[in-house]
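# Residue-level structure breakdown
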Amino acid sequence: MQTATSKIQTAFRFDSELLRRLKIKAKRENRSLNNYVETVLMEIVYDEPNEETIEAIKEAKSSDKLESLDMEKFDEYVANL
C-alpha cells in the first residue's frame, strides 16, 4: 500500500458535469473528493486477480469434479442457519 510520502500532487481537467457528479458521489460516501477519485481509479487499475484466484478459476473451468448444487437442499440448509 502507498504511504503518504509516496503520493504526488497533480492536476487534471474534468468536465464540469463530471466533476459535479463526482462531488455528489463522494459526499454520499462521506469522503473527500480526492479520496473518492483515488479509490475509484485504484479499483480500475488493480482489478486483476491474484495467483491463487487465477488458479482457482482455471481449476473450476477445467475440472470434471464439479458437483451440481441441489437448490432445495441448499435452501433447507440456509433456513436452518
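See the structure printed just above.
These lines cover the structure that appears in this document, whether it is placed above or below.

Each value, and the rule that gives it
Residues numbered from 1 in each chain as written. Predicted model: local features only at pLDDT ≥ 70, side-chain atom pairs only at ≥ 80, totals over all residues. Heavy atoms only, no water. Helix = DSSP H or I, 4+ residues; strand = E, 2+ residues; numbered from the N terminus. Buried < 20%, exposed > 50% of the residue type's maximum accessible area, 1.4 Å probe, protein only. Areas by Shrake-Rupley, 256 points an atom, 1.4 Å probe, with all protein chains shown as cover. Expected span 1.5 Å × (residues − 1). Polar contact = N/O pair within 3.5 Å; in protein donor to acceptor, adjacent residues only side chain to side chain. Axes fitted to C-alpha atoms, helices over the stretch in contact; angles between N-to-C directions. Parallel < 35°, antiparallel > 145°, perpendicular 65-115°, else oblique. Contact = heavy atoms within 4.5 Å. Nonpolar A, V, L, I, M, F, W, Y, C, P; charged D, E, K, R; others polar. 1 Å grid on protein atoms, 1.4 Å probe; cavity = no way out; pocket = protein on both sides within 12 Å on 5 of 7 lines; lining within 4 Å. Points joined across faces, edges and corners; volume = space filled by probe spheres on them. Salt bridge = Lys/Arg side-chain N within 4 Å of Asp/Glu carboxyl O.

Quick look at the overall build of the protein now. A tally of helices and strands in the protein yields 4 helices and 0 strands. Listed N to C, the secondary structure of the protein is α-α-α-α in terms of helices and strands. For the protein, the C-alpha atoms occupy an extent of roughly 55 × 30 × 25 Å along the three principal directions. Going through the 81 residues of the protein one by one, you find that 5% of them count as buried. With an accessible surface of roughly 8,300 Å², the protein has 53% of that area assigned to carbon and sulfur atoms.

Turning our attention to helix α1 (residues 16-28). With 13 residues, α1 should reach 18 Å at 1.5 Å per residue; the first-to-last C-alpha distance of 19 Å fits that figure. N-capping of α1 is provided by D15, with a side-chain oxygen placed 3.0 Å from the backbone N of E17. Looking at the residues trailing α1, positive phi occurs at N30, about 55°.

In the contact formed by α1 and helix α2 (residues 33-45), the axes pass within 9 Å of each other and the chain directions differ by 100°. In terms of their interaxial angle, α1 and α2 are classed as roughly perpendicular. Here L19, L22, K23, K25 and A26 of α1 lie close against α2, whose contacting residues are L33, Y36 and V37. For the contact of α1 with α2, a count of residues per class yields 6 nonpolar, no polar and 2 charged.

With that settled, consider the layout of surface pockets. Estimates place the volume of the largest pocket at around 650 Å³. As for the largest pocket, its lining consists of 17 residues, and the residues nearest its centre are I8, T10, F12, N34 and E38. Counting residues per element, the lining of the largest pocket draws most heavily on α2, which supplies 7 residues. Among the residues making up the lining of the largest pocket, the classes are represented as 10 nonpolar, 5 polar and 2 charged.

With that out of the way, let us pick up the pattern of salt bridges. Per the counting criterion, the structure on display carries 5 salt bridges. Two residues, K7 and E38, come together in a salt bridge whose shortest N-O distance is 3.1 Å. On the criterion of sequence distance, the pair formed by K7 in the segment before α1 and E38 in helix α2 is long-range, its members being 31 residues apart. Accessibility expressed as a relative area gives 45% for K7, which makes it partly exposed.

The quantities given are spatial measurements derived from coordinates; they are silent on function.
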